[in-house]
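Coordinate analysis (summary)
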Amino acid sequence: ITKESIVDVEAMVRKVEQKIESCSQQDVELHIERIFVISQAEPRLPLQLEDAVRPDGEGEEEGRATVNQDTRLDNRVIDLRTTTSQAIFRLQSGVCQLFRDTLTKKGFVEIQTPKIISAASEGGANVFTVSYFKSSAYLAQSPQLYKQMCICADFDKVFCVGPVFRAEDSNTHRHLTEFVGLDIEMAFNYHYHEVIDSITDTMVQIFKGLRDNFQAEIQTVNKQFPSEPFKFLEPTLRLEYTEAVAMLHEAGVEMGDEDDLSTPNEKLLGRLVKEKYDTDFYVLDKYPLAVRPFYTMPDPNNPKYSNSYDMFMRGEEILSGAQRVHDAQLLSERAQHHQIDLEKIKSYIDSFRFGAPPHGGGGIGLERVCMLYLGLHNVRQTSMFPRDPKRLTP
Amino acid sequence: NGDVDPAVKALEARQDEILRKLYELKAAVEGLAKTVTTPDADLDVTVSSSLSSQSSSCAIFKGTTNLDALLGEDLGALRDIVINANPAQPPLTLLVLHGLLCQRYRVLSTVHVHSSVSSVPPQLLSCLGPKHADSYARHMFQLGFTLIWKDVPKLEMKFSVCNMCPIEGEANVARFLFKLLAPYPSDPALATLVDSWVDTGFYQLADGSTKERAAVLRALNSALGRGPWLSGPEFSLADIACYCCLLQNGSASSIAANVQGWMKSCENLGHFGPAKLLLK
């Protein structure tokens, strides 16, 4: 019988004197009376499970192999059988579940938005084109437009879980061309901080749920990929952009007050925040208006800044959100300022012409959040069948 | 007949009025009496509830402080002081100092629970008072006071991670915070006396054996026989620290006369409310 074959077994369960260290069930043995092979595996496996689960350093020392990422991804079905993979994706399922449960308890309604759309929603060039009968259409970069339309349609608080498509030729550890987006949008009563508080509280409930119910999975992943446990504060730490710039200046970084944060600066900032507050998750509020999309609401008290925010896990950005412009007139002005053709976004602007409540929101990527929570280093480890500029299978 | 004579009614009414005025007079005299026996108190805060403690204690500490000199140049962003404390040992002295800081500066106070702690009793979450109405705009505040309940072996304070190492221990953090309110006495002997009482409070009164505590109480009694406050004529950090350490201890049973009088004086100043609230 070859390794990885599926078998049915009729056996006597017998207690053992000594613990069987190499098994998960350590106190009993099966004394087989009859065995049937249900599905025979081919004798030569493309990769060995013991190798796939070995931590990287260990393999080199003892002369035993580990498996590189491309081999894993080419033979994903077998790679997913490892204890580490099983733990990662069970935890990912937990994240989704906690996201849904927390938001539902807060009175949010889950919506489904279309993925085949007629115009690029964010106004960027990174969209996939699909042939659509005699013309073409695009794959949605984000559910942004539709989330907002639902708010204008009196749904008050909505969320959606669905695929997001970005045709960015970024071959990095944290970019995929297709990923699962967890998006939130809500109307607020007095101040857009109500939106920030809702989002951060949802994140904290997810972190607590993982900390309290998925320790076994976290430990399993740590065996192969050691990392520091994820730390956070409740309520979530919220710093202002000016504070971040001051902290970076103090650390010797040269940047202007209205400059955007480069990725190395984000990482450095994450380390400084970790050093001072001991948290791996925080919000940066009041970004400069100049570096945000056209539909971001400007700060009414200071025209240089905006009512927008980013959230970071372990120093990497996981969410970019804001209060949206809900006034059609102001929206047109902001779009023109960004030199966007108003004709292309006519239906978007039209949504706000017949009564629109002040609202805001943001979205996270499921794979990136899982990767950062577990302290892993490549988003392909947390995507079951990842898609990037060089990979379309399995 | 059954009705009361209206003349008697009028007499009773005048009597009630006189009694009411007498009670008012009694309360006022009691208040003034406390003022006379408690140095530095403007008015007994416990008697007059309508008087908020806003103005009464700014004059407590003489001498000026310069935030920029103490905390470094104002770079246009909130200067946030972070304190990591174990919920099993709430730092009463720091809560009292926080109250005093709020009267002197515009302070943004926040309380967080760190993920190393699963839950914290509600009074620890509200120990810095209600959320400030302007807390959505951090840059409008002169100082940040961020208290994080965390599973730490020793209390620690962090301010500027690039220029300052963390400050450890409630006594040392208390000294740092106090200096934001008023400078230490310029006379080195007096300054040393204050420091000595602060250390005595934290290391022997709060943390010491029963014998050590009894010895400290005797020392307190004789020191308070010589003057109204521990370091002489002026209220100082020594009084704040020792009062809180005594309170935390709970040994209110056998306290000598001078110490009792001093404790009442401390309470009359009205700053120890947050500390007492926490111990309820």
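Residues numbered from 1 in each chain as written. Chains lettered and ligands numbered in written order. Predicted model: local features only at pLDDT ≥ 70, side-chain atom pairs only at ≥ 80, totals over all residues. Heavy atoms only, no water.

In the annotation of an unreviewed UniProt entry, the entry for chain B reads AIMP2 thioredoxin-like domain-containing protein, and the organism field reads Ataeniobius toweri.

An unreviewed UniProt entry annotates chain A as Aspartate--tRNA ligase, cytoplasmic originating from Ataeniobius toweri. UniProt annotates chain A under Function (unreviewed entry) with the comment "Catalyzes the specific attachment of an amino acid to its cognate tRNA in a 2 step reaction: the amino acid (AA) is first activated by ATP to form AA-AMP and then transferred to the acceptor end of the tRNA." UniProt annotates chain A under Subcellular location (unreviewed entry) with the comment "Cytoplasm". (UniProt positions renumbered as here; feature names shortened; annotations may be inferred.)

**Quick notes on a nonpolar patch on the surface**
All names here are of chain A. On the surface, Ile 1, Val 7, Val 9, Val 13, Leu 30, Ile 32, Ile 35 and Val 37 cluster together into a nonpolar patch covering about 700 Å² of accessible area. Listed by contribution, the elements that provide at least two residues to the nonpolar patch are strand S1 (6-15) and strand S2 (28-39). Sorting elements by how many residues they give to the nonpolar patch places S2 first, with four residues. Note on placement: Ile 1 falls in the segment before S1. (Patch = residues over 30% accessible without salt bridge, like charges linked within 9 Å, V, L, I, M, F, W, Y side chains within 5 Å. Areas by Shrake-Rupley, 256 points an atom, 1.4 Å probe, with all protein chains shown as cover. Salt bridge = Lys/Arg side-chain N within 4 Å of Asp/Glu carboxyl O. Helix = DSSP H or I, 4+ residues; strand = E, 2+ residues; numbered from the N terminus.)

**Details of the interface of chain B and chain A**
The partner chain A presents 24 residues to the 27 residues of chain B that form the contact. For the chain B and chain A pair, buried surface summed over both sides reaches about 2,300 Å², with 52% attributable to carbon and sulfur atoms. Summed over the three residues of chain B that lose the most area to chain A, namely Ser115(B), Tyr136(B) and Arg138(B), the buried surface amounts to 26% of that side. Taken together, the connections running from chain B to chain A amount to 16 residue pairs in polar contact (both at pLDDT 80 or more). Counting residues per element, the ones that place at least two in the side of chain B that touches chain A are strand S1 (80-85), strand S2 (107-114) and strand S3 (143-149) of chain B. At four residues, the largest contribution of residues to the side of chain B that touches chain A is made by S2(B). A per-class count over the side of chain B that touches chain A returns 13 nonpolar, 10 polar and four charged. (Contact = heavy atoms within 4.5 Å. Buried area = accessible area lost by both parts, 1.4 Å probe. Polar contact = N/O pair within 3.5 Å; in protein donor to acceptor, adjacent residues only side chain to side chain. Nonpolar A, V, L, I, M, F, W, Y, C, P; charged D, E, K, R; others polar.)

**Observations regarding the confidence of the model for chain B**
Residue and element names in this part refer to chain B. Looking at chain B, the pLDDT average stands at 82 and 86% of residues meet or exceed 70. Contacts for the low-pLDDT stretch residues 41-59, under 50 throughout, to residues beyond four places or in other chains number 23 contacts. As a predicted assembly, this complex carries a pTM of 0.85 together with an ipTM value of 0.88. (pLDDT = per-residue confidence, 0-100.)

**What to know about unusual backbone geometry**
All names here are of chain A. A cis amide bond links Glu 234 with the next residue in sequence, Pro 235, at an omega value of -5°. If you trace the backbone, Pro 235 turns up in the loop between strand S9 (233-234) and strand S10 (237-240). That bond from Thr 393 to Pro 394 is cis: its omega, 5°, falls within 30 degrees of zero. Mapping Pro 394 onto the fold places it in the segment after helix H13 (366-374). Not every positive phi belongs to a glycine, and Asp 278 is a case in point at roughly 55°. Structurally, Asp 278 can be placed in the loop between helix H10 (263-277) and strand S11 (281-285). Here Asp 278 falls in the buried class, since its relative accessible area comes to 11%. Although it is not a glycine, Arg 314 sits at a positive phi angle of roughly 50°. Positionally, Arg 314 belongs in the loop between strand S12 (308-313) and strand S13 (316-323). Overall, the relative accessible area of 24% leaves Arg 314 in the partly exposed class. (Buried < 20%, exposed > 50% of the residue type's maximum accessible area, 1.4 Å probe, protein only.)

**Some remarks on the packing of aromatic side chains**
Within this structure, the stated rule accounts for 18 aromatic pairs over all chains. With centroids separated by 5.7 Å and ring planes inclined at 85°, the aromatic side chains of Phe99(A) and Phe159(A) adopt a geometry described as edge-to-face. Of the two residues, Phe99(A) is situated in helix H5 (residues 83-105) and Phe159(A) in strand S7 (residues 157-165); the sequence distance between them amounts to 60 residues. You can call Phe159(A) buried: its relative accessible area is 2%. Aromatic pair Tyr282(A) and Phe312(A): ring centres 5.2 Å apart, planes at 20°, arrangement stacked. With a gap of 30 residues between them, Tyr282(A) in strand S11 and Phe312(A) in strand S12 connect regions that are remote in the sequence. You can call Tyr282(A) buried: its relative accessible area is 1%. Taken together, Phe207(A), Phe230(A), Phe232(A), Phe281(A) and Tyr373(A) form an aromatic cluster joined through their ring pairs. Above the plane of the ring of Tyr287(A) lies Arg292(A), whose end atom (NZ or CZ) is 4.2 Å from the centre. One residue, Lys179(B), lies across the ring of Tyr184(B), its end atom 4.8 Å from the ring centre. (Phe/Tyr/Trp six-rings, centres within 6.5 Å; stacked < 30°, edge-to-face > 60°. Lys NZ or Arg CZ within 6 Å of the ring centre and 35° of its normal.)

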